[in-house]
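# Commentary on secondary and tertiary structure
Now for the letters of each chain:
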Amino acid sequence: MRPLDEDETTQVLEKLHKFVGSNLKHMIERQATDGLDSKPGGFCFRLHKQRVYYVSEAVVRRATNIAREKLSSLGTCIGKFTKSGKFKLTVTCLDLLAAHAKYKIWVKPSAEMSFLYGNHVLKSGLARITDNTPQHQGVVVYSMSDIPLGFGLAAKSTADCRKLDPTDIVLLHQSDIGVVLTSSSRGCTLLNAS
Amino acid sequence: MFSTFRVELNETNSLFQFVNFASNFVMALLPGKGGKKRKGGKGTPTKSPGKKSSKYDDEEFEEVSEEESPVARRGKGKGNAIEKKVKKEVLQKAKGKRMAVPESDSEDESDYEPEMDDDSSEEDEDEDAALQKLGSTRELLGSDSDDEDEMEMDDDPMGLEFSDDESESEKELDVEKKSRKIDAQKILDEKDAEAEMQLNIQGEADDFSLPTAEELEEESKRPPDLPKIQTRIKEIVRVLGNFKQLRAEGSDRGDYTKQLALDLASYYGYNEFLMNMFMQMFPVAEVVEFLEANETPRPVCLRTNTLKARRRELMDVLINRGVNLAPLGKWSKVGLVVYESKVPVGATPEYMAGHYMLQSASSFLPVMALAPQEKERIIDMAAAPGGKTTYIASLMKNTGVIYANELKESRLPSLSANIQRMGVTNTIICNYDGRKLPGILGKNTADRVLLDAPCSGTGVIGKDPSVKVTKSGEDIVRCAFLQKELILAAIDMVDAASKTGGYIVYSTCSVLVAENEAVIDYALRKRDVKVVSGGLDFGRPGYTRFREHRFHPHVANTRRFFPHAHNMDGFFVAKLKKMSNTIKTTPKEDNEPEDTAVAEEKDNGEAVVADEDTANTSAGSEDAEDEGKQNKTKVQKKKRKKAAVQENGFDRAEKTTPSKDKNAGRSNADDNNAVKHKKVGKHNGTVDVKKATSKNGNEEGPERKKQKNSREQNGSEVRKKSPTPTKENVATGAKRGSEDQRKSNISPGGQRKQFNSKRQMKPKLRRK
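Residues numbered from 1 in each chain as written. Chains lettered and ligands numbered in written order. Predicted model: local features only at pLDDT ≥ 70, side-chain atom pairs only at ≥ 80, totals over all residues. Heavy atoms only, no water.

Looking up chain B in an unreviewed UniProt entry gives the name SAM-dependent MTase RsmB/NOP-type domain-containing protein, with the organism given as Riccia fluitans. Quoted straight from UniProt, the Subcellular location (unreviewed entry) entry for chain B says "Nucleus, Nucleolus". According to the UniProt record, the Sequence similarities (unreviewed entry) comment for chain B reads "Belongs to the class I-like SAM-binding methyltransferase superfamily. RsmB/NOP family." (UniProt positions renumbered as here; feature names shortened; annotations may be inferred.)

By the naming in an unreviewed UniProt entry, chain A is 60S ribosome subunit biogenesis protein NIP7 homolog, taken from Riccia fluitans. Of the comments in the UniProt record for chain A, the one headed Sequence similarities (unreviewed entry) reads "Belongs to the NIP7 family." Its UniProt record gives chain A a comment under Function (unreviewed entry), which states: "Required for proper 27S pre-rRNA processing and 60S ribosome subunit assembly."

Below you can see the structure in the form of structure tokens.
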């Protein structure tokens, strides 16, 4: 486990910025409420076995005595570095993204299952979308009962969405919680996102 | 024919009632087997006083009494004859009644008499005649019911006069005849039924006897006859329930229980070992219930993830989706039990979003007992697949830190996935052997520890029926050994001085005593802990006595759960409070692990005081100072100490020299036939040295005091190792004599060789 170096940090933050935009500042400077230390620390990123974890500093300090081979995970895993060095967000980051997301999409119940199976969201499945969503912006997908289902890229901006045919794609699927069921090992491999 | 009777019956309902009345009347009049109770007939309303009637009565009664007994004793071959007889009886009663009344109507009587006596005459004629009479009787009765108000004690108080109404009765004869036949048949049937019941009762009361050896052999050759085995099981249970009365001669209780064990094992598919264990644990009737309950799975339960959802809202959502569920019970605020569901409960979007977790009801209990507080430091030693860990996290509201440890790497992904899915952020997942965790995470550091120990799984046979056949005595012993090691590690990790905690919860999904109470008892002996109540009201208290075991009375604070009693998986939960961080010094017993905490201290370089003891060990190797050996020898020393204490009843003096780690005054010790070397923890840097003298008593006092002082100085972690001679040495005092001579030749401090007649010689090496 080690902190991220510069390149890695930029990559991670860029990706996150796509989804949360200016809320990124909030995300990083969040005060940890775990109450472990007298002075609440913040959150930090740590790299361990090619995966990036978002953990409170207090917890990180308490994980230092665990051997590298024996440490499996800590806090929340937000993504991983591929073999070619690119950073991808995983679905486990969803809670964090949903908490700070700027652009959201709501999906009709009929299209819910389709999205959870990994398909893109079509215009016919689109129920609601936040205004002024630029194109290729990272968007978090919600169900009508406000359950975060996953995230993806907006294929079209909000304005363009209105002009689309019902069969046109509005959201490019990147990751969804259905991976819990659809992946062969029940979500444990944490399928990649973007 | 019968059907026609029935049809007519409906039509002639009122008549039938009269017939019934008449026949019942007659039946009531008749005495039992006793015979002539109504002799004389005076005072009975239906019979008028007079000799004639009494005569007839007597005759009639005699006949009846003779005939009644054949009915009662009736076997299967007597049917028709008896039926005829009974019918005759009925008719005669009817006749007799009428005859009894109109004593004045001698004409009528004379008419009837020949019919009565003529047994061989065609019965139909008799019946017809009788029915006629009965019919007329009824009519009379009917007519006379109006007259009852004016009842005068005349000759026929019932007013059963025949002469007047005979002509009228002729019209209804056929119908009446048939209804009387039905009546007679009914009486017959009743008698038959009673007779059969008597037979049945006799049949049941017949002794159930155990199958003989030949029968058993035959059965073993054929495939198991399940219904037969089941009835036999029921029979044996019944017999054992009322053994005094129902036992067969020549079979004692043990035979019955043995046979029952075999039958249950073959019927339910258990191996012999497990069946015997269960029969030892439960009374006979409860064993069957328990085994039955193990055949079916317990209901599926969910736990609401309070980090993301509320139970009420979740219930509404799931019910909308088509899941039939209800709150789990008063004892849980987050539990839901699923009765049936249209959609797969593990595939709803809510599940995928981490709003709830599929978990068995019994898995709630250890976490409820643990009661983790916010901002605490918790360790879950066997965390996969993560149901309990996530419950702990939700109770802590993501504050504090949880170490979730899992030994098997293959189970880590599911643990990780569940933790991520449920939105738990304060958890560190590691992959260690639980026994090594204290070394990694530190001793006396955690606030609470949860140990859901790996076990034989005898409580969850409903989920995994393979347990029935795969578990043997060795498996259980191995499990218990591992559990004891783990519980010591768990206790060692907890900080007794924790402000908010200091608790360990030990739980298993097993019902066997060896894995539950025995392990807790072991922990109580080895560490300074106390069993406290876990706050679980329901559930049976743990056993403080079981067969030959006698456990600490506090073990009753633990809780046991059974599938047949609580409708949840078999489970055991115990909550321990760590009172202090000291480690007790007790002699090691069989089948118990070497205390790793102690071993670690030794490994850290405690002074090995008595090297000569190593020579006495059965290991017999040359290098007595091997680290690995050290542990062994310490084990053996403990054994010897225990043995010595047992044999001699007193502590032995310790003999050590500061410069050399060998016993100098061995000969003296041998004289006393009891040597006990006490080691003091090296970390204090001093080694107590005492020379044994011939008078153990005198020496021991000051020695002991010294030891105690050193213990206090050293703090809480002093370990005393008391290497003692082997049992053999202790026993063979005579041999010592010869050894002494040899020893005396050796100068103190030099290399010494202990001569153990049965053991090899081991040279002593100097230690630093």
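Once the structure has been displayed, the description carries forward.
## Let's talk about the overall build of chain A
Secondary structure summary: chain A contains seven helices and 12 strands in total. By residue count, 53% of the 194 residues in chain A fall in the buried class. Of the contacts made within chain A by residues no fewer than 6 positions apart, 59% connect residues no fewer than 24 positions apart. Working note: accessible area of chain A is about 9000 Å², and carbon and sulfur atoms make up 51% of it. (Helix = DSSP H or I, 4+ residues; strand = E, 2+ residues; numbered from the N terminus. Buried < 20%, exposed > 50% of the residue type's maximum accessible area, 1.4 Å probe, protein only. Contact = heavy atoms within 4.5 Å. Areas by Shrake-Rupley, 256 points an atom, 1.4 Å probe, with all protein chains shown as cover.)

## Re the overall build of chain B
A tally of helices and strands in chain B yields 31 helices and 15 strands. Counting across all 768 residues of chain B, residues that qualify as buried make up 54%. When contacts within chain B are restricted to residue pairs at least 6 apart in sequence, those whose partners lie at least 24 apart make up 73%. Of the roughly 34900 Å² of accessible surface on chain B, 49% is carried by carbon and sulfur atoms.

## Points about the sheet that holds strand β8 (residues 121-122) of chain A
Residues and elements named next belong to chain A. Spatially, six strands are ordered β8-β12-β11-β10-β7-β9 in an open sheet, and the strand pairing comes out mixed. If you trace the sheet from one side to the other, it starts and ends with β8 and β9 (126-129), each paired once. Pairing analysis gives five bridges linking strand β10 (residues 138-143) to strand β11 (residues 148-154), with the strands arranged antiparallel. Paired with Gly 138 across the bridge in β11 is Leu 153. Each of β10, β11 and β12 (169-176) touches helix α1 (residues 6-20); the most contacted strand, β10, lies at about 50° to it. (Pairing = 2+ DSSP bridges. Axes fitted to C-alpha atoms, helices over the stretch in contact; angles between N-to-C directions.)

## A look at the nonpolar core
Ranked by internal contacts, the top residues of the largest apolar core, which has 81 residues, are Leu264(B), Phe278(B), Met381(B) and Ile520(B). Take this core: its biggest share by element is seven residues, from helix α22 (residues 473-493) of chain B. When sequence neighbours within four positions are dropped, the list of residues in contact with Phe278(B) reads Tyr270(B), Val287(B), Phe290(B), Leu291(B), Thr458(B), Ile461(B), Val511(B) and Leu512(B). Grouped together as the second largest cluster of nonpolar side chains are 62 residues, Met27(A), Phe45(A), Val141(A) and Phe151(A) included. (Core = buried A, V, L, I, M, F, W, Y, C linked by side-chain atoms within 4.5 Å.)

## Description of the interface of chain A and chain B
Taken residue by residue, the interface counts 30 residues in chain A and 37 residues in chain B. In total, about 2600 Å² of surface goes out of reach between chain A and chain B, with carbon and sulfur atoms giving 60% of it. Counting across the interface, chain A meets chain B through one salt bridge. A salt bridge links Lys308(B) to Asp95(A); its shortest N-O distance comes to 3.1 Å. Mapped by element, the contributors of at least two residues to the side of chain A that touches chain B are α3 (57-62), β4 (71-74), β5 (76-81), α5 (109-116) and α7 (179-182) of chain A. Here the side of chain A that touches chain B takes four residues from β4(A), the largest share from any one element. (Buried area = accessible area lost by both parts, 1.4 Å probe. Salt bridge = Lys/Arg side-chain N within 4 Å of Asp/Glu carboxyl O.)

## Re the UniProt feature "binding site: S-adenosyl-L-methionine" (unreviewed entry) in chain B
All names here are of chain B. UniProt feature "binding site: S-adenosyl-L-methionine" (unreviewed entry): in the numbering of this structure it lies at Ala 382, Ala 383, Ala 384, Pro 385, Gly 386, Gly 387, Lys 388, Glu 406, Asp 433 and Asp 452. Narrowing the list just given to those that line the largest pocket leaves Ala 382, Ala 383, Ala 384, Pro 385, Gly 386, Gly 387, Lys 388, Glu 406, Asp 433 and Asp 452. Here Pro 385 is to be found in the loop between β5 (377-380) and α18 (387-396). Sequence-distant contacts of Pro 385, defined by excluding residues within four places in its chain, comprise Arg 411, Ser 414, Leu 415 and Asn 418. With respect to the secondary-structure elements, Lys 388 resides in helix α18. Sequence-distant contacts of Lys 388, that is, excluding residues within four places in its chain, are made with Gln 359, Ser 363, Pro 366, Val 367, Asp 380, Leu 450, Asp 452 and Phe 571. (1 Å grid on protein atoms, 1.4 Å probe; cavity = no way out; pocket = protein on both sides within 12 Å on 5 of 7 lines; lining within 4 Å.)

## Concerning the layout of surface pockets
Residues and elements named next belong to chain B. Volume-wise, the largest pocket comes out at about 1100 Å³. As for the largest pocket, its lining consists of 41 residues, and the residues nearest its centre are Ala 382, Ala 384, Pro 385, Arg 411 and Asp 452. Those elements that provide at least two residues to the lining of the largest pocket are β4 (356-358), α18, β8 (448-452) and α22. It is α22 that provides the largest number of residues to the lining of the largest pocket, a total of four residues. (Points joined across faces, edges and corners; volume = space filled by probe spheres on them.)

## Remarks on the sheet that holds strand β1 (residues 300-304) of chain B
Residue and element names in this part refer to chain B. One open sheet holds the four strands; their spatial order is β2-β3-β1-β4, and the pairing between them is antiparallel. The open sheet terminates on both sides in strands that have one partner only, identified here as β2 (323-327) and β4. Averaged over all pairs of adjacent strands, the angle between strand axes in this sheet comes to 35°, irrespective of strand direction. Pairing of β1 with strand β3 (residues 335-341), which is carried by four bridges, proceeds in the antiparallel orientation. By the bridge assignment for β3, Val 300 is matched with Val 338. Strands in contact with α18 are β1 and β4; relative to β1, the strand with the most contacts, it is inclined by about 30°.

## Focus: α18(B)
All names here are of chain B. The buried fraction of α18 is high, at nine of 10 residues. Those residues of α18 that sit buried are Gly 387, Lys 388, Thr 389, Thr 390, Tyr 391, Ile 392, Ala 393, Ser 394 and Met 396. Phi turns positive one or two residues past the end of α18, at Lys 397, with a value near 60°.

## A look at the state of the cysteines
Residue and element names in this part refer to chain A. Evaluated as defined, the whole model comprises zero disulfides over all chains. Left unpaired, Cys 93 is separated from the closest cysteine sulfur, that of Cys 77, by 8.5 Å. In this structure Cys 93 comes out as buried when scored by relative accessible area, which is 0%. (Disulfide = S-S within 2.5 Å.)

## As for the pairing of β8(B)
Residues and elements named next belong to chain B. Most of β8 sits inside the fold, with five of its five residues counted as buried. Judged by which residues are buried, β8 turns out to be covered on both faces: Arg 448, Leu 450 and Asp 452 on one side and Val 449 and Leu 451 on the other are all buried. Pairing of β5 with β8, which is carried by three bridges, proceeds in the parallel orientation. Note that in β8 the partner of Asp 380 across the bridge is Leu 450.

## Focus: the UniProt feature "active site" (unreviewed entry) in chain B
The UniProt record annotates "active site" (unreviewed entry) at Cys509(B). Ignoring anything within four residues of it in the chain, the contact list for Cys509(B) reads Cys455(B), Gly457(B), Thr458(B), Gly459(B), Val460(B), Gly570(B) and Phe571(B).

## Some words on the pairing of β12(A)
Residues and elements named next belong to chain A. Most of β12 sits out of view: six of its eight residues are buried. Pairing of β8 with β12, which is carried by two bridges, proceeds in the antiparallel orientation. The residue bridging Val 121 from the neighbouring strand is Leu 171, located in β12. Relative to β12, β11 runs antiparallel, the two being bridged by five bridges. Residue Gly 150 lies in a different strand from β12, and its bridge partner there is Asp 176.

## Considerations on the packing of aromatic side chains
Counted according to the given criterion, the structure contains 18 aromatic pairs over all chains. Judged by centre distance (5.5 Å) and plane angle (50°), the rings of Phe45(A) and Tyr54(A) are tilted. On the basis of relative accessible area, Phe45(A) is assigned to the buried category, the value being 11%. By relative accessible area, Tyr54(A) is classed as buried at 3%. When the ring of Phe81(A) is compared with that of Phe87(A), the centres are 5.2 Å apart and the planes differ by 50°; the resulting orientation is tilted. By the burial criterion, Phe81(A) is buried, and Phe87(A) matches it. An aromatic cluster is defined as three or more aromatic residues linked by ring pairs; in this entry it consists of Tyr270(B), Phe278(B), Phe282(B), Phe290(B) and Phe562(B). The positively charged end of Lys484(B) is found above the aromatic ring belonging to Tyr522(B), 5.6 Å away from the centroid. (Phe/Tyr/Trp six-rings, centres within 6.5 Å; stacked < 30°, edge-to-face > 60°. Lys NZ or Arg CZ within 6 Å of the ring centre and 35° of its normal.)

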